[in-house]
Amino acid sequence: MDSSNDEALDIIITNVVATFRTRCHLNLRTIALEGTNVIYKPEVGKVLMKLRKPMITASIWSSGKIICTGATSEDEAKLGARRLARCLQKLGFKVRFSAFKVVNVLAVCSMPFAVNLINFTKNNRPIASYEPELHPAATYRIKNLKATIQVFSTGSLTVTGPNVQNVATAVEQVYPLLFECQKPLAKT
Amino acid sequence: MSAAGMRCPACGSTNIVDDDLYSQAQLVCVDCGSVVSEGVLANDPVGGSDVSFSRTTAVAKRPCTNLIKGELLPSKRSFSLLLQCNSVLLLVHFLKWICFTPTGQQRVKAICRILMVNREIEDLSQTYYKMAYEHKAFLKVSLQKKEILTGCCVLLSCRQLNWPITVGTISCLLDADSMAVGAIYQEMVKNLSIEAPIINVTDVIEAHCHEYKISSLDVPEELAENSRDLTKRAVALVELAADSWIVTGRKPIPIMMAATYLAWQSLKPNKHRLKFSLDKFCQVAKVKKLKSAMKRVAEIKEVLCKLGKEIPWVRETVTPDNVIQLVECILQNRYALLRRAMRTHEDALLEESQASCAEAPPEGTASSQISECADQTPITSFVKQNGSNSDGKEKPGDVDYNPRVLPEHSDTQESQNPPPNWGKRVLFAPPCVINAKKRRAVQPEHTDVTGDEEISDSEIDSYIRTPQEARDFALMQHMLSLSDSAKS
């Protein structure tokens with residue numbers, strides 16, 4: 001962030017999605033029978049298991065692939081994943097916790113000013129796109145960071161990226177572009 | 001052609017006579033009997049067909065078979081009816097009826113003709129369609145997407161050549177979902193790397209107003225309105241709405257509908273018109289009503305009330321019911337009224353903050369008191385930061401939105417109740433900020449999670465059923481399934 005202004009931007013991470021593998025086949029019916037907080041979805045072929053302590057929902061497939069969603073930080077996602085693996089171990093499966101990877105991070109941020117979306121899109125033409133009839137926010141995609149930023153006219157941002165570092169960098173990159181297209185709050 | 005001077009191509013004799021077969025004129029050689037020539041079976045109207053060939057949508061030569069799905073065989077009568085139609089909806093039905101399975105190029109042409117765009121736009125959209133059709137991204141898509149692609153090409157060329165048209169109109173013509181149209185449009189723009197300007201609501205509103213059947217030919221005199229006046233008033237209302245945060249981020253069509261309705265009411269604000277609800281107005285004007293238009297009407301009326309209060313010569317209180325009579329006056333002087341309203345609001349806020357600070361026990365200097373009252377953060381100060389986050393601002397900053405420069409407070413407010421958002425402070429703010437949803441307070445104890453901690457057995461056991469519980473559960477499921485099968 002620029003040291004020239006005293007404003008601090010708060011980036012709140014609202015969701016972290018991570019995957020890992022158990023390297024063994026899992027019997028979904030056993031999990032559904034012997035686990036609490038479990039929802040079995042035979043039509044899709046997966047089991048949803050919810051943990052309380054880190055508030056995490058995991059989708060478990062019989063191949064041993066598991067996706068964890070709902071964590072609020074990368075470390076929390078790892079803790080939740082390990083808890084889950086431990087739980088499956090206790091249920092009797094030969095689980096080996098492996099290939100843990102954070103796949104997606106969703107964060108929200110709020111600019112201290114409103115943004116004129118039409119000017120912002122005009123200035124950043126191919127990278128930014130804005131269709132008010134379809135979605136109220138302008139979308140800004142940063143290719144090298146693989147991050148997508150949705151900018152709302154109130155100054156709120158929604159950022160998604162592969163990890164927290166990219167998300168933070170994306171916000172830093174987009175801040176000056178938004179600053180030059182700001183809308184004064186008091187209209188004259 | 002006369003029989004004299006002709007030679008039979010078969011035998012070369014000149015003995016050729018008129019020998020009509022029923023209604024068809026024929027020239028027959030007497031010696032060998034071969035038919036030398038024959039007349040037409042049917043007669044075209046004198047002076048050519050009603051629709052000249054250059055204005056029809058038939059193409060002379062066929063492009064490659066990949067682009068062909070069927071044949072377009074419009075009859076002359078359907079075309080003349082088509083061109084006389086004013087209503088877009090009727091045209092859509094005609095398009096579907098006559099275009100049994102048209103080719104892509106023909107469909108693009110048909111859409112352009114229906115929208116009555118100029119030649120440039122038509123040619124440009126044909127070019128785009130060709131480019132897009134042959135692009136590898138669209139080679140293997142479904143037929144429905146290819147149909148939507150035709151509309152997207154027209155939309156893109158209209159935007160580039162400044163012809164105001166909305167996604168809604170195109171999706172109505174194609175009878176497709178506007179989200180699907182939008183998705184394909186964005187994909188096309190990305191794949192062809194074309195830049196297209198964004199449409200402005202004020203440009204489209206003229207075309208929108210024309211759709212309303214509210215001229216003196218269609219409705220009785222007391223409800224009729226000149227299209228030009230209506231458009232002008234509606235444009236002014238939309239500009240006012242844009243200045244006061246109603247337009248940004250919203251779908252344009254409900255706003256235009258609300259503006260047209262209010263413009264119509266305000267042009268002759270008599271009791272009869274004021275009693276007309278939006279529903280009734282849309283019925284009279286033969287336009288399909290949109291649900292969100294009601295909300296926009298309410299929002300615009302609120303803004304008009306705020307400005308109406310500032311008119312110096314209005315004595316009575318301005319309410320949404322009686323503000324329509326003042327609309328003309330408000331719109332004529334809207335900038336002056338906006339400035340006045342802003343100033344009044346700022347003065348009121350200043351008085352309020354001074355009054356509330358005077359009540360609180362005095363701490364520190366007067367200036368810091370004012371800044372404490374005036375400071376606010378849009379998001380709560382329960383910050384969730386990851387340790388590795390390079391942005392790591394541990395202490396949430398207080399941000400000052402007010403254009404008046406006030407000293408920032410560095411000591412943070414770990415407020416239990418979050419301070420009011422900027423929507424409550426400013427006179428005009430987007431409705432989503434004024435009625436902001438309350439945020440669930442984030443638990444701060446997760447900041448010290450590392451991810452590699454020990455997991456105790458007792459924690460895990462809480463997630464596993466005991467064998468007895470498992471047996472009970474299985475039994476219950478079995479009983480439930482039995483009762484279900486007994487019921488059915």
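See the structure shown above.
The structure presented is a predicted model; accordingly, all values stated were derived computationally and were not measured.

**Q** Please explain a positive patch on the surface as it appears in this structure.
**A** On the surface, A:Arg21, A:Arg23, A:Lys65 and A:Arg96 cluster together to form a positively charged patch. When you line up the elements, A:Lys65 lands in strand E5 (residues 65–71).

**Q** So what exactly am I meant to see when it comes to the packing of helix H5 (residues 143–160) of chain B against helix H6 (residues 167–174) of chain B here?
**A** What describes two packed helices is the angle between their axes and the distance between those same axes. All names here are of chain B. Close contact between H5 and H6 brings their axes to 10 Å; oriented N to C, the two are set at 150°. One finds that H5 runs roughly antiparallel with respect to H6. Where H5 crosses over H6, the handedness of that crossing is right-handed. Touching Glu147, Ile148, Thr150, Gly151, Val154, Leu155 and Arg159 of H5 are Val167, Ile170 and Leu174, all from H6.

**Q** Just checking my understanding: could you explain the pairing of strand E1 (residues 11–21) of chain A for this structure?
**A** Side chains on a regular strand alternate between the two faces of the sheet. Residue and element names in this part refer to chain A. Where E1 lies against strand E6 (residues 98–110), nine bridges are found, and the strand directions are antiparallel. Counterpart to Thr19 in the pairing with E6 is Lys101. Direction of pairing for E1 relative to E5: antiparallel, over a ladder of five bridges. Residue Arg21 lies in a different strand from E5, and its bridge partner there is Lys65.

**Q** I tried to follow the sheet that holds strand E10 (residues 147–151) of chain A on my own but got confused; where do I start?
**A** Hydrogen bonds between backbone groups are what pair the strands of a sheet, and the pairing can be parallel or antiparallel. All names here are of chain A. What the ten strands build is an open sheet, ordered E2-E3-E4-E5-E1-E6-E11-E10-E9-E8; its pairing is antiparallel. At either end of the open sheet lies a strand with only one pairing partner, and these are strand E2 (38–41) and strand E8 (128–129). The pairing of E8 with strand E9 (residues 138–142) spans two bridges and is classified as antiparallel. When the bridges of E9 are listed, Ser129 appears paired with Thr139. In the packing of helix H4 (residues 164–179) onto the sheet, the strands contacted are E1, E6, E9, E10 and strand E11 (156–161), and the crossing angle to E11 comes to about 140°.

**Q** Would you mind showing me how to read the packing of aromatic side chains here?
**A** Scanning the model with the defined rule gives eleven aromatic pairs over all chains in all. Relative to A:Phe100, the ring of A:Phe97 has its centre 6.0 Å away and its plane inclined at 25°; by these criteria the two rings are stacked. Note on A:Phe100: relative accessible area 25%, which makes it partly exposed. With 5.5 Å between their ring centres and 50° between their planes, B:Tyr261 and B:Phe281 make a pair best called tilted. In this pair, B:Tyr261 sits in helix H10 (residues 252–267) while B:Phe281 sits in helix H12 (residues 278–284), placing the two residues 20 residues apart along the sequence. The burial state of B:Tyr261 is the same as that of B:Phe281; both residues are buried.

**Q** Just to check I follow, could you spell out the environment of B:Gln160 for this structure?
**A** Residue and element names in this part refer to chain B. With respect to the element layout, Gln160 can be found in helix H5. Looking at Gln160, the relative accessible area reads 25%, which means it is partly exposed. Residues Gln160 and Ile198, 38 residues apart in the sequence, show an inter-C-alpha distance of 9.1 Å. Residues within four places of Gln160 in sequence aside, it is in contact with Leu124, Tyr128, Ile194, Glu195 and Pro197.

**Q** Would you mind showing me how to read the sheet that holds strand E1 (residues 16–18) of chain B here?
**A** Residue and element names in this part refer to chain B. The three strands are arranged E1-E2-E3 in an open sheet whose pairing can be described as antiparallel. The open sheet has two edge strands with one neighbour each: E1 and strand E3 (35–38). The average undirected angle you get between the axes of adjacent strands in this sheet is 20°.

**Q** Please explain the pattern of salt bridges as it appears in this structure.
**A** Opposite charge on two side chains permits pairing when their charged atoms draw close. All names here are of chain B. Here the structure, examined in full by the defined rule, presents ten salt bridges over all chains. Notably, a salt bridge pairs Arg334 with Glu239, separated by 2.5 Å at the nearest N-O pair. On the criterion of sequence distance, the pair formed by Arg334 in helix H15 (residues 334–359) and Glu239 in helix H9 (residues 227–243) is long-range, its members being 95 residues apart. Exposure remark for Arg334: the relative accessible area of 9% places this residue in the buried category. Here Glu239 falls in the partly exposed class, since its relative accessible area comes to 30%. Across the salt bridge formed by Asp279 and Lys289, the nearest N and O atoms sit 3.9 Å from each other. Residue Asp279 is found in helix H12, and its partner Lys289 is found in the loop between H12 and helix H13 (291–308); the two are separated by ten residues along the sequence.

What counts and how
Residues numbered from 1 in each chain as written. Chains lettered and ligands numbered in written order. Predicted model: local features only at pLDDT ≥ 70, side-chain atom pairs only at ≥ 80, totals over all residues. Heavy atoms only, no water. Patch = residues over 30% accessible without salt bridge, like charges linked within 9 Å, V, L, I, M, F, W, Y side chains within 5 Å. Areas by Shrake-Rupley, 256 points an atom, 1.4 Å probe, with all protein chains shown as cover. Salt bridge = Lys/Arg side-chain N within 4 Å of Asp/Glu carboxyl O. Lys, Arg positive; Asp, Glu negative; His and termini not counted. Charge placed at Lys NZ, Arg CZ, Asp CG, Glu CD. Helix = DSSP H or I, 4+ residues; strand = E, 2+ residues; numbered from the N terminus. Axes fitted to C-alpha atoms, helices over the stretch in contact; angles between N-to-C directions. Parallel < 35°, antiparallel > 145°, perpendicular 65-115°, else oblique. Left-handed = near helix turned anticlockwise from the far one by under 90°. Contact = heavy atoms within 4.5 Å. Pairing = 2+ DSSP bridges. Phe/Tyr/Trp six-rings, centres within 6.5 Å; stacked < 30°, edge-to-face > 60°. Buried < 20%, exposed > 50% of the residue type's maximum accessible area, 1.4 Å probe, protein only.

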